[in-house]
Amino acid sequence: MILGLYKKKNIKEIMTRFNAWNVFKNGLNGQTGWSRQWRDPEPKENYEVVIVGGGLHGLATAYYLAKNHNIKKIAVLEKGWIGGGNAGRNTTIVRSNYMMPGNREFYEHSLKLWENLSHDLNYNVMFSQRAHVVLLHSPGAIDAFARRYNIMKLTGSDGELWNLDKLKRKIPHLNYDNVRFPILGAIVQPRAGNARHDSAAWGYARAADSLGVDILQNCEVTGVTRKNGSIESLQTSRGIIKGKKIGFAVAGHTSVLWQMAGLGNLPIESHKLQAFVTEAIKPLLDCVLIYGPAGAAHFYISQSDKGSMVFGGELDWYKSYAQRGNLPTVKENGECAMAIMPCLGKLRLLRHWAGVMDMSMDGSFFMCKTPIANLYLNAGWNYGGFKASPASGWYFADLIANERPHKIIENHNLERFEKGINLDERGIGPDPKMHG
(Lines give C-alpha, C1' and ligand atoms only; values in the text may rest on other atoms or scores of the structure.)
Protein backbone atom coordinates (compact mmCIF):
# COMPACT_ATOMS: atom_id res chain seq x y z
CA MET A 1 0.00 0.00 0.00
CA ILE A 2 2.82 2.39 0.87
CA LEU A 3 4.61 1.54 -2.39
CA GLY A 4 1.42 2.18 -4.30
CA LEU A 5 1.11 5.58 -2.66
CA TYR A 6 4.65 6.45 -3.72
CA LYS A 7 3.92 5.50 -7.33
CA LYS A 8 1.18 8.09 -7.48
CA LYS A 9 3.60 10.88 -6.55
CA ASN A 10 6.96 12.15 -7.69
CA ILE A 11 9.01 9.23 -6.44
CA LYS A 12 12.37 10.96 -6.96
CA GLU A 13 11.40 13.91 -4.75
CA ILE A 14 9.94 11.67 -2.04
CA MET A 15 12.82 9.20 -1.99
CA THR A 16 15.63 11.74 -2.04
CA ARG A 17 14.29 14.31 0.39
CA PHE A 18 16.05 14.11 3.74
CA ASN A 19 13.68 13.94 6.69
CA ALA A 20 13.19 11.72 9.73
CA TRP A 21 10.71 9.44 7.95
CA ASN A 22 12.95 8.76 4.95
CA VAL A 23 16.01 8.19 7.14
CA PHE A 24 14.03 5.68 9.23
CA LYS A 25 12.51 3.93 6.19
CA ASN A 26 15.83 3.55 4.41
CA GLY A 27 17.39 2.25 7.58
CA LEU A 28 14.96 -0.67 7.30
CA ASN A 29 15.51 -1.41 3.61
CA GLY A 30 19.32 -1.43 3.58
CA GLN A 31 19.61 2.18 2.34
CA THR A 32 18.41 1.11 -1.11
CA GLY A 33 15.87 3.89 -1.55
CA TRP A 34 18.23 6.81 -2.07
CA SER A 35 18.83 8.10 -5.59
CA ARG A 36 22.10 9.80 -6.61
CA GLN A 37 22.54 13.27 -5.13
CA TRP A 38 22.66 15.05 -8.49
CA ARG A 39 22.48 14.10 -12.15
CA ASP A 40 25.39 13.63 -14.52
CA PRO A 41 23.87 15.20 -17.68
CA GLU A 42 25.33 15.58 -21.13
CA PRO A 43 26.07 19.23 -22.02
CA LYS A 44 23.46 21.10 -23.99
CA GLU A 45 24.57 23.30 -26.87
CA ASN A 46 23.00 26.50 -25.48
CA TYR A 47 22.21 27.85 -22.01
CA GLU A 48 20.81 31.07 -20.65
CA VAL A 49 23.65 31.29 -18.12
CA VAL A 50 26.94 29.37 -17.93
CA ILE A 51 28.90 29.57 -14.69
CA VAL A 52 32.55 28.55 -15.04
CA GLY A 53 33.69 27.07 -11.74
CA GLY A 54 31.95 24.33 -9.78
CA GLY A 55 33.17 25.37 -6.36
CA LEU A 56 31.00 26.80 -3.62
CA HIS A 57 30.68 30.22 -5.27
CA GLY A 58 29.73 28.83 -8.67
CA LEU A 59 27.25 26.31 -7.26
CA ALA A 60 25.66 28.90 -4.96
CA THR A 61 25.32 31.31 -7.89
CA ALA A 62 23.55 28.69 -10.01
CA TYR A 63 21.25 27.78 -7.12
CA TYR A 64 20.18 31.37 -6.47
CA LEU A 65 19.82 32.11 -10.19
CA ALA A 66 17.30 29.28 -10.38
CA LYS A 67 15.63 29.86 -7.02
CA ASN A 68 15.53 33.68 -6.76
CA HIS A 69 15.36 34.62 -10.45
CA ASN A 70 13.57 31.62 -12.02
CA ILE A 71 16.19 31.15 -14.74
CA LYS A 72 15.69 27.72 -16.30
CA LYS A 73 18.70 26.80 -18.47
CA ILE A 74 21.84 27.06 -16.33
CA ALA A 75 25.09 25.12 -16.53
CA VAL A 76 27.96 24.92 -14.06
CA LEU A 77 31.27 23.86 -15.62
CA GLU A 78 33.78 22.20 -13.30
CA LYS A 79 37.15 21.04 -14.63
CA GLY A 80 37.44 18.34 -11.97
CA TRP A 81 34.86 16.97 -9.55
CA ILE A 82 32.54 18.79 -7.14
CA GLY A 83 34.40 19.49 -3.91
CA GLY A 84 37.82 18.71 -5.40
CA GLY A 85 39.14 22.27 -5.69
CA ASN A 86 39.38 25.11 -3.19
CA ALA A 87 35.95 24.17 -1.83
CA GLY A 88 37.62 21.22 -0.09
CA ARG A 89 40.91 22.98 0.69
CA ASN A 90 40.15 25.43 3.48
CA THR A 91 39.79 25.58 7.26
CA THR A 92 35.98 26.02 7.15
CA ILE A 93 35.74 29.17 9.30
CA VAL A 94 32.55 31.25 9.07
CA ARG A 95 32.49 34.80 10.52
CA SER A 96 31.27 38.29 9.70
CA ASN A 97 33.69 40.46 11.69
CA TYR A 98 34.32 42.85 8.79
CA MET A 99 34.26 46.62 9.05
CA MET A 100 34.45 48.39 5.68
CA PRO A 101 31.24 49.62 4.00
CA GLY A 102 30.00 46.95 1.61
CA ASN A 103 32.11 44.24 3.21
CA ARG A 104 30.33 44.68 6.55
CA GLU A 105 26.84 44.20 5.14
CA PHE A 106 27.94 41.50 2.70
CA TYR A 107 29.52 39.16 5.24
CA GLU A 108 26.72 39.68 7.76
CA HIS A 109 24.23 38.65 5.06
CA SER A 110 26.38 35.60 4.39
CA LEU A 111 26.41 34.62 8.06
CA LYS A 112 22.62 34.93 8.22
CA LEU A 113 22.34 32.68 5.16
CA TRP A 114 24.65 30.14 6.83
CA GLU A 115 22.39 30.12 9.89
CA ASN A 116 19.48 28.73 7.84
CA LEU A 117 21.40 26.98 5.06
CA SER A 118 20.81 23.38 6.15
CA HIS A 119 17.05 23.99 6.13
CA ASP A 120 17.17 25.93 2.85
CA LEU A 121 19.13 23.22 1.02
CA ASN A 122 17.56 20.26 2.88
CA TYR A 123 21.13 19.11 3.50
CA ASN A 124 23.12 19.19 6.73
CA VAL A 125 26.05 21.56 6.12
CA MET A 126 27.13 20.99 9.75
CA PHE A 127 27.22 24.67 10.65
CA SER A 128 28.34 25.02 14.27
CA GLN A 129 28.17 28.47 15.90
CA ARG A 130 30.95 27.88 18.39
CA ALA A 131 32.34 31.49 18.47
CA HIS A 132 35.34 33.15 16.83
CA VAL A 133 37.87 34.28 19.45
CA VAL A 134 40.67 36.68 18.48
CA LEU A 135 43.40 36.99 21.11
CA LEU A 136 44.59 40.55 21.78
CA HIS A 137 48.26 41.16 22.47
CA SER A 138 48.63 44.92 22.96
CA PRO A 139 46.62 48.01 24.02
CA GLY A 140 46.68 49.11 20.38
CA ALA A 141 45.07 45.83 19.30
CA ILE A 142 42.35 46.27 21.93
CA ASP A 143 41.58 49.77 20.62
CA ALA A 144 41.58 48.67 16.97
CA PHE A 145 39.32 45.66 17.50
CA ALA A 146 37.01 47.58 19.84
CA ARG A 147 36.42 49.99 16.96
CA ARG A 148 35.75 47.14 14.55
CA TYR A 149 33.36 45.33 16.88
CA ASN A 150 31.53 48.54 17.83
CA ILE A 151 30.87 49.07 14.11
CA MET A 152 29.58 45.49 13.90
CA LYS A 153 27.20 45.98 16.83
CA LEU A 154 25.97 49.29 15.44
CA THR A 155 25.13 47.58 12.14
CA GLY A 156 23.11 44.70 13.56
CA SER A 157 25.76 42.07 14.26
CA ASP A 158 27.22 40.68 17.48
CA GLY A 159 30.52 41.05 19.31
CA GLU A 160 32.00 40.87 22.79
CA LEU A 161 35.20 42.10 24.43
CA TRP A 162 36.61 39.67 27.00
CA ASN A 163 39.17 40.79 29.57
CA LEU A 164 41.94 38.41 30.56
CA ASP A 165 40.08 37.01 33.57
CA LYS A 166 37.04 36.08 31.49
CA LEU A 167 39.23 34.61 28.74
CA LYS A 168 40.99 32.38 31.29
CA ARG A 169 37.64 31.15 32.60
CA LYS A 170 36.38 30.39 29.08
CA ILE A 171 39.58 28.82 27.68
CA PRO A 172 41.76 27.89 30.66
CA HIS A 173 44.26 25.66 28.87
CA LEU A 174 46.03 28.28 26.74
CA ASN A 175 49.63 29.23 27.43
CA TYR A 176 49.11 32.46 29.34
CA ASP A 177 52.43 32.62 31.18
CA ASN A 178 55.17 31.88 28.67
CA VAL A 179 53.56 32.66 25.33
CA ARG A 180 55.67 34.53 22.78
CA PHE A 181 53.21 37.45 22.61
CA PRO A 182 51.50 38.44 25.90
CA ILE A 183 47.72 37.95 25.98
CA LEU A 184 45.65 40.85 27.33
CA GLY A 185 42.16 39.65 26.41
CA ALA A 186 40.08 38.70 23.39
CA ILE A 187 37.44 39.98 21.03
CA VAL A 188 34.68 37.47 20.27
CA GLN A 189 31.90 36.95 17.75
CA PRO A 190 29.62 34.30 19.36
CA ARG A 191 27.55 33.63 16.20
CA ALA A 192 30.62 32.71 14.16
CA GLY A 193 31.99 29.19 13.89
CA ASN A 194 32.58 26.40 11.38
CA ALA A 195 30.75 24.48 8.67
CA ARG A 196 31.68 21.36 6.75
CA HIS A 197 33.15 22.34 3.36
CA ASP A 198 32.22 19.25 1.36
CA SER A 199 28.72 19.15 2.86
CA ALA A 200 28.16 22.74 1.76
CA ALA A 201 29.38 21.95 -1.77
CA TRP A 202 27.27 18.81 -2.06
CA GLY A 203 24.26 20.57 -0.56
CA TYR A 204 24.40 23.39 -3.10
CA ALA A 205 25.01 20.93 -5.95
CA ARG A 206 22.05 18.79 -4.94
CA ALA A 207 19.75 21.79 -4.47
CA ALA A 208 20.78 23.39 -7.77
CA ASP A 209 20.30 20.12 -9.62
CA SER A 210 16.80 19.75 -8.17
CA LEU A 211 15.96 23.12 -9.78
CA GLY A 212 17.17 21.94 -13.20
CA VAL A 213 20.77 23.20 -13.19
CA ASP A 214 23.16 21.05 -15.29
CA ILE A 215 26.32 20.34 -13.26
CA LEU A 216 28.99 19.33 -15.74
CA GLN A 217 31.99 17.73 -14.05
CA ASN A 218 35.29 17.00 -15.82
CA CYS A 219 34.43 19.88 -18.13
CA GLU A 220 37.48 22.13 -18.37
CA VAL A 221 37.32 25.37 -20.36
CA THR A 222 40.15 25.29 -22.90
CA GLY A 223 39.28 28.32 -25.03
CA VAL A 224 37.01 31.34 -25.36
CA THR A 225 35.55 32.59 -28.65
CA ARG A 226 34.54 36.25 -28.81
CA LYS A 227 32.35 37.98 -31.38
CA ASN A 228 31.10 41.57 -31.54
CA GLY A 229 32.20 42.40 -28.01
CA SER A 230 30.64 39.33 -26.40
CA ILE A 231 31.62 35.75 -25.65
CA GLU A 232 30.09 33.60 -28.38
CA SER A 233 31.11 30.19 -27.04
CA LEU A 234 33.36 28.28 -24.65
CA GLN A 235 35.56 25.46 -25.86
CA THR A 236 35.61 22.73 -23.25
CA SER A 237 36.91 19.19 -22.81
CA ARG A 238 33.29 18.08 -23.34
CA GLY A 239 32.64 20.10 -26.50
CA ILE A 240 31.55 23.62 -27.42
CA ILE A 241 29.09 25.24 -25.01
CA LYS A 242 27.25 28.51 -25.61
CA GLY A 243 25.56 30.80 -23.12
CA LYS A 244 23.80 34.16 -23.34
CA LYS A 245 25.59 35.15 -20.13
CA ILE A 246 28.88 33.82 -18.76
CA GLY A 247 30.05 34.06 -15.16
CA PHE A 248 33.64 33.40 -14.02
CA ALA A 249 33.92 32.02 -10.47
CA VAL A 250 37.23 30.16 -10.48
CA ALA A 251 39.13 31.64 -7.51
CA GLY A 252 42.91 31.40 -7.89
CA HIS A 253 42.71 30.58 -11.60
CA THR A 254 40.76 33.71 -12.53
CA SER A 255 43.75 35.30 -14.28
CA VAL A 256 44.16 32.25 -16.52
CA LEU A 257 40.57 32.46 -17.80
CA TRP A 258 40.75 36.26 -17.95
CA GLN A 259 43.68 36.10 -20.37
CA MET A 260 42.03 33.24 -22.26
CA ALA A 261 39.16 35.65 -22.91
CA GLY A 262 41.64 38.12 -24.47
CA LEU A 263 41.57 40.64 -21.61
CA GLY A 264 44.53 42.35 -19.94
CA ASN A 265 45.98 41.90 -16.48
CA LEU A 266 43.83 41.75 -13.35
CA PRO A 267 44.72 43.40 -10.02
CA ILE A 268 44.95 39.89 -8.58
CA GLU A 269 47.81 37.64 -7.52
CA SER A 270 47.46 33.88 -6.98
CA HIS A 271 49.08 32.59 -3.80
CA LYS A 272 48.73 29.33 -1.95
CA LEU A 273 47.42 29.05 1.59
CA GLN A 274 48.25 25.91 3.53
CA ALA A 275 46.12 24.01 6.04
CA PHE A 276 46.82 21.16 8.44
CA VAL A 277 44.85 18.38 10.18
CA THR A 278 46.05 16.31 13.14
CA GLU A 279 44.96 12.96 14.48
CA ALA A 280 41.72 12.98 16.47
CA ILE A 281 41.73 13.67 20.20
CA LYS A 282 39.12 14.16 22.92
CA PRO A 283 37.24 17.51 22.99
CA LEU A 284 39.77 20.26 23.68
CA LEU A 285 38.75 23.48 21.93
CA ASP A 286 35.12 24.52 21.50
CA CYS A 287 35.74 27.70 19.48
CA VAL A 288 37.73 29.06 16.55
CA LEU A 289 40.87 30.58 18.08
CA ILE A 290 43.03 33.25 16.40
CA TYR A 291 46.55 33.93 17.74
CA GLY A 292 49.29 36.38 16.80
CA PRO A 293 49.54 40.15 16.33
CA ALA A 294 49.34 41.41 12.74
CA GLY A 295 52.74 41.58 11.13
CA ALA A 296 54.35 39.19 13.63
CA ALA A 297 52.33 35.98 13.40
CA HIS A 298 49.00 34.75 12.09
CA PHE A 299 47.56 31.46 13.28
CA TYR A 300 44.04 30.05 13.57
CA ILE A 301 42.89 26.72 14.97
CA SER A 302 39.68 24.84 15.71
CA GLN A 303 38.63 21.26 16.40
CA SER A 304 36.61 19.30 13.87
CA ASP A 305 33.57 17.19 14.74
CA LYS A 306 35.78 14.12 14.33
CA GLY A 307 38.22 15.47 16.93
CA SER A 308 41.07 16.54 14.65
CA MET A 309 42.77 19.87 15.23
CA VAL A 310 42.49 21.95 12.03
CA PHE A 311 44.80 24.94 11.68
CA GLY A 312 46.55 27.32 9.30
CA GLY A 313 48.28 30.67 9.12
CA GLU A 314 49.83 33.09 6.65
CA LEU A 315 49.94 32.80 2.89
CA ASP A 316 53.00 31.65 1.06
CA TRP A 317 54.02 35.10 -0.19
CA TYR A 318 55.25 33.93 -3.57
CA LYS A 319 52.87 33.50 -6.49
CA SER A 320 51.92 29.91 -7.21
CA TYR A 321 49.18 27.61 -8.53
CA ALA A 322 50.49 24.67 -6.49
CA GLN A 323 48.21 22.67 -4.21
CA ARG A 324 50.95 21.14 -2.09
CA GLY A 325 52.67 22.32 1.07
CA ASN A 326 56.26 22.94 2.08
CA LEU A 327 58.36 22.45 5.20
CA PRO A 328 58.97 26.13 6.14
CA THR A 329 55.24 26.66 6.51
CA VAL A 330 54.88 23.42 8.49
CA LYS A 331 57.55 24.74 10.85
CA GLU A 332 55.98 28.20 11.19
CA ASN A 333 52.50 26.87 11.94
CA GLY A 334 53.84 24.21 14.28
CA GLU A 335 55.69 26.88 16.24
CA CYS A 336 52.51 28.94 16.59
CA ALA A 337 50.51 25.90 17.71
CA MET A 338 53.10 25.07 20.36
CA ALA A 339 53.36 28.69 21.50
CA ILE A 340 49.66 29.04 22.31
CA MET A 341 48.74 25.41 23.14
CA PRO A 342 51.82 23.39 24.22
CA CYS A 343 49.55 20.42 24.94
CA LEU A 344 49.41 19.81 21.16
CA GLY A 345 53.10 18.94 21.03
CA LYS A 346 52.77 15.15 20.81
CA LEU A 347 50.00 15.09 18.21
CA ARG A 348 50.74 13.57 14.82
CA LEU A 349 50.03 15.58 11.68
CA LEU A 350 47.85 13.51 9.34
CA ARG A 351 47.13 15.74 6.34
CA HIS A 352 48.60 18.88 4.83
CA TRP A 353 47.51 20.68 1.68
CA ALA A 354 47.26 24.08 0.00
CA GLY A 355 44.47 26.00 -1.70
CA VAL A 356 45.04 28.65 -4.36
CA MET A 357 43.98 32.14 -3.22
CA ASP A 358 43.19 35.04 -5.54
CA MET A 359 44.57 38.01 -3.60
CA SER A 360 43.43 41.53 -4.43
CA MET A 361 45.46 44.61 -3.55
CA ASP A 362 43.17 45.77 -0.75
CA GLY A 363 41.99 42.43 0.56
CA SER A 364 38.43 42.77 -0.78
CA PHE A 365 36.63 40.94 -3.55
CA PHE A 366 35.48 41.81 -7.08
CA MET A 367 31.91 41.15 -8.21
CA CYS A 368 31.09 43.12 -11.32
CA LYS A 369 30.42 43.35 -15.02
CA THR A 370 33.49 43.29 -17.27
CA PRO A 371 34.64 44.92 -20.52
CA ILE A 372 33.00 42.00 -22.34
CA ALA A 373 29.26 42.63 -22.62
CA ASN A 374 28.01 39.23 -21.44
CA LEU A 375 30.83 38.32 -19.02
CA TYR A 376 30.56 38.72 -15.24
CA LEU A 377 33.38 38.39 -12.71
CA ASN A 378 33.42 36.87 -9.23
CA ALA A 379 36.97 36.90 -7.84
CA GLY A 380 39.52 38.27 -5.37
CA TRP A 381 38.30 36.47 -2.25
CA ASN A 382 41.59 36.47 -0.35
CA TYR A 383 40.95 34.84 3.05
CA GLY A 384 37.18 35.34 2.79
CA GLY A 385 36.08 32.78 0.20
CA PHE A 386 34.53 29.97 2.21
CA LYS A 387 32.58 32.12 4.65
CA ALA A 388 31.36 34.30 1.76
CA SER A 389 29.94 31.44 -0.32
CA PRO A 390 26.19 31.90 0.34
CA ALA A 391 26.21 35.70 -0.07
CA SER A 392 28.59 35.44 -3.02
CA GLY A 393 26.11 33.24 -4.84
CA TRP A 394 23.18 35.44 -3.79
CA TYR A 395 24.71 38.75 -4.99
CA PHE A 396 26.42 37.31 -8.08
CA ALA A 397 23.11 35.78 -9.19
CA ASP A 398 21.45 39.15 -8.58
CA LEU A 399 24.10 40.89 -10.69
CA ILE A 400 23.81 38.44 -13.59
CA ALA A 401 20.01 38.38 -13.59
CA ASN A 402 19.45 42.13 -13.24
CA GLU A 403 22.46 43.50 -15.17
CA ARG A 404 23.44 45.84 -12.35
CA PRO A 405 25.24 45.46 -9.02
CA HIS A 406 23.28 45.50 -5.80
CA LYS A 407 24.05 48.65 -3.80
CA ILE A 408 26.01 46.61 -1.23
CA ILE A 409 28.54 45.47 -3.87
CA GLU A 410 28.49 48.57 -6.10
CA ASN A 411 32.10 49.48 -5.16
CA HIS A 412 33.46 45.94 -5.57
CA ASN A 413 34.43 46.54 -9.19
CA LEU A 414 37.64 46.59 -11.22
CA GLU A 415 37.65 50.40 -11.42
CA ARG A 416 37.70 51.09 -7.68
CA PHE A 417 41.45 51.64 -7.47
CA GLU A 418 41.27 54.20 -10.30
CA LYS A 419 38.63 56.04 -8.27
CA GLY A 420 40.62 55.95 -5.03
CA ILE A 421 38.22 53.49 -3.37
CA ASN A 422 40.27 51.22 -1.12
CA LEU A 423 38.26 48.63 0.83
CA ASP A 424 41.19 47.71 3.04
CA GLU A 425 40.26 45.12 5.66
CA ARG A 426 43.49 45.01 7.63
CA GLY A 427 44.88 41.53 8.09
CA ILE A 428 42.92 40.02 5.21
CA GLY A 429 44.93 40.89 2.13
CA PRO A 430 47.99 42.78 0.94
CA ASP A 431 48.02 46.58 0.73
CA PRO A 432 48.25 48.37 -2.63
CA LYS A 433 51.48 50.15 -1.64
CA MET A 434 53.36 50.91 -4.92
CA HIS A 435 51.40 48.56 -7.17
CA GLY A 436 49.74 51.50 -8.94
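These lines cover the structure that appears in this document, whether it is placed above or below.

What counts, and where the lines are drawn
Along each chain, residues carry numbers from 1 onward, in the same order as the chain's sequence is written. Selection of residues for local features in this predicted model requires a pLDDT of at least 70, selection of side-chain atom pairs for listing and counting requires 80 or more, and totals for whole chains, interfaces and linings are taken over all residues. Side-chain measures were taken over the full set of non-hydrogen atoms in the model, leaving aside hydrogen atoms and water. Each pair of strands is called paired provided DSSP finds at least two bridges between the two strands. Numbering of helices and strands runs from the N terminus, with a helix taken as a DSSP run of H or I at least four residues long and a strand as a DSSP run of E at least two residues long. Helix axes use the C-alpha atoms of the stretch in contact, all axes being lines fitted to C-alpha atoms, and the angles between their N-to-C directions lie in the range 0 to 180 degrees. Any pair of residues with heavy atoms lying within 4.5 Å of one another is described as a contacting pair. Any helix carries an expected span of 1.5 Å times its number of residues minus one. When a residue's accessible area, from a 1.4 Å probe over protein chains only, is under 20% of the maximum for its type it is buried; when over 50% it is exposed; and in between it is partly exposed. Orientation categories follow fixed angle ranges, with anything under 35 degrees roughly parallel, anything over 145 roughly antiparallel, 65 to 115 roughly perpendicular, and all other angles oblique. If you view the pair so one helix is near and one far, a crossing is left-handed when the near helix is turned anticlockwise from the far one by less than a right angle, and right-handed when it is turned clockwise. Each residue receives one of three labels: charged for Asp, Glu, Lys and Arg, nonpolar for Ala, Val, Leu, Ile, Met, Phe, Trp, Tyr, Cys and Pro, and polar for the others, Gly being one of them.

1. Describing the sheet that holds strand S6 (residues 185-189)
The eight strands are arranged S5-S6-S4-S13-S14-S15-S12-S16 in an open sheet whose pairing can be described as mixed. Looking along the sheet, the strands with just one partner apiece sit at the ends: strand S5 (160-163) and strand S16 (349-360). Neighbour to neighbour, the strand axes of the sheet diverge by 25 degrees on average, direction disregarded. Where strand S12 (residues 268-280) lies against S16, eleven bridges are found, and the strand directions are antiparallel. Paired with Leu 273 across the two strands is Gly 355, which belongs to S16. Contacting strand S4 (132-136), S5 and S6, helix H7 (residues 139-154) runs over the sheet at an angle of about 150 degrees to S4.

2. Brief notes about helix H9 (residues 197-210)
Helix length check: H9, at 14 residues, gives a terminal C-alpha distance of 20 Å against a target of 20 Å (1.5 Å per residue), a fit within 8%. In terms of residue burial, H9 counts as a mostly covered element, since twelve of its 14 residues are buried. Among the residues making up H9, those that are buried are His 197, Asp 198, Ser 199, Ala 200, Ala 201, Gly 203, Tyr 204, Ala 205, Arg 206, Ala 207, Ala 208 and Asp 209. One or two residues past the end of H9 sits Gly 212, with phi positive at roughly 100 degrees.

3. Topic: the environment of Trp 381
Mapped onto the elements of the fold, Trp 381 is located in the loop between strand S18 (375-379) and helix H12 (385-402). Measuring from C-alpha to C-alpha, the distance between Trp 381 and Ser 364 comes to 6.5 Å, with 17 residues separating the pair along the chain. The contact partners of Trp 381, leaving out residues within four places of it in the chain, are His 57, Phe 106, Tyr 107, Asp 358, Phe 365, Met 367, Ala 388 and Ser 392.

4. A word on the packing of helix H4 (residues 56-69) against H9
Between H4 and H9, the shortest axis-to-axis distance is 9 Å and the interhelical angle comes to 30 degrees. Overall, the two elements H4 and H9 adopt an arrangement that is roughly parallel. Helix-helix and strand crossings are classified by hand; for H4 and H9 the assignment is left-handed. Residues Leu 56, Leu 59, Ala 60, Tyr 63 and Tyr 64 of H4 lie in contact with H9, whose contacting residues are His 197, Ala 200, Ala 201, Tyr 204, Ala 205, Ala 207 and Ala 208. Of the residues assigned to the contact of H4 with H9, the class counts are eleven nonpolar, one polar and no charged.

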